[in-house]
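Descriptive analysis of the structure
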Amino acid sequence: MKKKLVLLSGVLLINSTFATELDLKKHATVLNPKSPEFLLGKETHPNIKIRAFDKPDMYVKIGIRLQSTFENYKVDYADPLKEDINTMDAYLRRMRLEVGAGFSKHVSFTMDIRNDKANYQDKGEGKFNVGDAYLKIKKPFENLGSLVNFKFYRGKIDVSRTETVKSAWVVHYDRPHVADEAAQFISHNRRATNAQIYGNWKKKIHYELAFGDAIYSGKFKDATEYKDLKSKGGKIVEQSYFYGGKIFISPFDGWEEKKRTETYFGYGKHFEIGVGYWVVPKIKYKDPSSHNTHEIDRTLINYEMSAHYKGFFIQAEYFDFDGVIKDWTTNEVGKSKGWYITSEYVFKDFYYIAPFIRHEEWKRWDNGGDYKLKSDVYGINWYLRGNTTKVGIAYQKDNYGQDIGDKKITRIKVVSQWFF
């Protein structure tokens, strides 16, 4: 009888230990169980999540994003009187500490502290600042499911698909020039303090509506020299909130977009098209030359298309800017237009090596003259552990028209990423 009791106690102890281990796995997770097996193992989730034992809806997340670049940078001027540039540079393209907290089943907070482009050219070490810092209220109405959600404070507005995709999930770390302009054209860094409502219907139709703080004089640039208003000696004296929204659809059954990303590692398929419309109704600024006050409005229309089938990925966007300043000496207002297309192919049976290409054209001033910027990027990514660990090499060539510098810039970059 005593032997049976001892055996039973041992079995209960083993079961109790096993149950505790399972419980611990539920409360602290980092690996993505749906990830394929890469050379260095499975990809991780964004950040490690640690849940409270007495209240699993409450959690803390913490993680890092580190992107490095070693680069040869050349500038060739058409004007023989200008001295060409040929320099070697090494910098941290993105250096971020990411944190988050869950307050309940529906409410969470996400933020990061960043020092991007540390040691870039002659920038020095740079300073840390806050990037994302938003409160999310997810599915507050049970009967509406994913149709209604809210974000408040420093969350991205969807002025561009590639600008909305997390930088750890983009094909090439430096986004297109025209997309970077869209990120500043309506709201500073596309995330100045705002309020959003967003959601989707069965992953077929997605939408976002938002309003909030508009542009910053330090990123308010003209088309000719591409110099910002603040550095030239001007300033914004008054402006309204921005407002607008985005809608995109996945019209084909089985091809729904599950999340905004550019990296799929050769699995699955999706197709989506979308359009965004964003407005700043009033911007008053003092120009740096005459110090007169001018009033303008701004509109951005963005069209997007994205698709992938197994290893093949393609993405394109078109931007229509209205409310562009030609240069700070004349303060003439006009339009600008541009587009890009990106494609990558992942050889998942060959260690997830992925060649990619991108072409971009942006006419910074669309009312005459040679203001066109053309850019081509050719590269190879190697996903050693998905987006958790990857390395790559890229060649980029930018051609600037006669009215915007009349020069060619070439870059050869060796890059790496560490992210969880």
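Small disclaimer: the values here were computed from a predicted structure and weren't measured. (Residues numbered from 1 in each chain as written. Predicted model: local features only at pLDDT ≥ 70, side-chain atom pairs only at ≥ 80, totals over all residues. Heavy atoms only, no water.)

When helices and strands are tallied, the chain shows 4 helices and 21 strands. Over its C-alpha atoms the chain spans a radius of gyration of 24 Å, differing by no more than 12% from the 22 Å that the globule rule assigns to 420 residues. The contacts in the chain between residues at least 6 apart in sequence include a share of 60% that link residues at least 24 apart. For the chain, the accessible surface area stands at approximately 21,100 Å², while carbon and sulfur atoms represent 60% of it. Between the averaged position of the 68 positive side-chain charges in the chain and that of its 54 negative side-chain charges there is a distance of 8 Å. (Helix = DSSP H or I, 4+ residues; strand = E, 2+ residues; numbered from the N terminus. Rg over C-alpha atoms; globule rule 2.2 N^0.38 Å. Contact = heavy atoms within 4.5 Å. Areas by Shrake-Rupley, 256 points an atom, 1.4 Å probe, with all protein chains shown as cover. Lys, Arg positive; Asp, Glu negative; His and termini not counted. Charge placed at Lys NZ, Arg CZ, Asp CG, Glu CD.)

Counting buried positions along strand β10 (residues 194-201) gives 6 out of 8 residues, so the element sits mostly inside the fold. Note that strand β9 (residues 149-154) and β10 share 5 bridges and pair antiparallel. Note that in β10 the partner of asparagine 149 across the bridge is tyrosine 198. The pairing of β10 with strand β11 (residues 205-212) spans 8 bridges and is antiparallel. Its bridge partner lying in β11, isoleucine 197 is registered against leucine 209. Hairpin connection, β10 to β11: the antiparallel pair is bridged by 3 residues, and lysine 202 has positive phi, about 55°. (Buried < 20%, exposed > 50% of the residue type's maximum accessible area, 1.4 Å probe, protein only. Pairing = 2+ DSSP bridges.)

Let's shift gears to the environment of proline 251. One can find proline 251 in the loop between β13 (242-249) and β14 (269-286). Here proline 251 is in contact with Lys204 and Phe271, once residues within four sequence places are set aside.

Turning next to the packing of aromatic side chains. For the coordinates displayed, the defined rule picks out 21 aromatic pairs. Seen in terms of ring centroids, phenylalanine 252 and phenylalanine 271 are 5.3 Å apart; in terms of plane orientation they differ by 35°. Their pairing is tilted. Taken together, the residues phenylalanine 252 in the loop between β13 and β14 and phenylalanine 271 in strand β14 connect sequence positions 19 residues apart. What makes phenylalanine 252 partly exposed here is its relative accessible area of 46%. (Phe/Tyr/Trp six-rings, centres within 6.5 Å; stacked < 30°, edge-to-face > 60°.)

On to the nonpolar core, then. With 36 residues, the main nonpolar core has Ile186, Phe220, Trp278, Tyr285, Leu300, Phe319 and Phe321 as its most contacted residues. When contributions to this core are tallied by element, the ones reaching two or more residues are β5 (59-77), α3 (177-185), β14, β15 (293-309) and β16 (312-325). (Core = buried A, V, L, I, M, F, W, Y, C linked by side-chain atoms within 4.5 Å.)

Our next topic: the side chain of glutamate 181. Relative to the assigned elements, glutamate 181 resides in helix α3. Buried within the structure, glutamate 181 lacks any salt-bridge partner; arginine 298 is the closest side chain of opposite charge, at an N-O distance of 4.7 Å. Engagement of the side chain of glutamate 181 in a polar contact is seen with the side chain of tyrosine 226, the distance being 2.6 Å. The residues touching glutamate 181, leaving out its near neighbours within four places in the chain, are Tyr226, Phe321 and Trp362. (Salt bridge = Lys/Arg side-chain N within 4 Å of Asp/Glu carboxyl O. Polar contact = N/O pair within 3.5 Å; in protein donor to acceptor, adjacent residues only side chain to side chain.)

Turning to the confidence of the model for the chain, a few remarks are in order. Considering every residue of the chain, the mean pLDDT works out to 92; 94% of them sit at 70 or more. When the criterion is pLDDT under 50, residues 1-22 qualifies, and its contacts beyond four places in sequence or with other chains add up to 0 contacts. (pLDDT = per-residue confidence, 0-100.)

Tracing the chain through its elements places tryptophan 201 in strand β10. Between the C-alpha atoms of tryptophan 201 and lysine 156, which are 45 residues apart in sequence, the distance is 21 Å.

Moving on, we get to the pairing of β16. Bridging between β15 and β16 involves 11 bridges; their strand directions are antiparallel. Along β16, the bridge assignment pairs methionine 305 with alanine 316. The hairpin formed by β15 and β16 contains 2 residues between the paired strands, and lysine 310 there has a positive phi angle of roughly 55°. Two strands pair when backbone bridges link them, and β16 and strand β17 (residues 333-345) are joined in this way by 13 bridges, in the antiparallel orientation. Paired with phenylalanine 319 across the two strands is glycine 338, which belongs to β17.

Let us look at empty space enclosed by the protein. The full count for this structure, using the stated rule, is 4 cavities of 30 Å³ or more. Every residue lining the largest cavity is counted, 13 residues in all, and those nearest its centre are Thr162, His172, Glu262, Thr342 and Arg358. At the level of secondary structure, the elements contributing two or more residues to the lining of the largest cavity comprise β17 and β18 (353-363). When its volume is computed, the second largest cavity comes out at roughly 60 Å³. Glu181, Phe185, Lys221, Asp222, Ala223, Tyr226, Phe321, Val324, Ser336, Trp362 and Arg364 are the residues that line the second largest cavity. Elements represented by at least two residues in the lining of the second largest cavity include exactly α3 and β16. Residues that form the lining of the second largest cavity fall into these classes: 6 nonpolar, 1 polar and 4 charged. (1 Å grid on protein atoms, 1.4 Å probe; cavity = no way out; pocket = protein on both sides within 12 Å on 5 of 7 lines; lining within 4 Å. Points joined across faces, edges and corners; volume = space filled by probe spheres on them. Nonpolar A, V, L, I, M, F, W, Y, C, P; charged D, E, K, R; others polar.)

Once that is clear, we can look at the pattern of salt bridges. Scanning all chains against the criterion turns up 27 salt bridges. For the salt bridge of arginine 260 with glutamate 257, the shortest nitrogen-to-oxygen distance reads 3.2 Å. For the pair arginine 260 and glutamate 257, a shared accessibility class is recorded, and that class is buried. The closest approach of N and O atoms between arginine 260 and glutamate 304, which form a salt bridge, is 2.9 Å.

The subject of this paragraph is α3. For α3, the tally of buried residues reaches 7 of 9 residues, placing the bulk of the element in the interior. The set of residues buried in α3 consists of Val178, Ala179, Glu181, Ala182, Ala183, Gln184 and Phe185.

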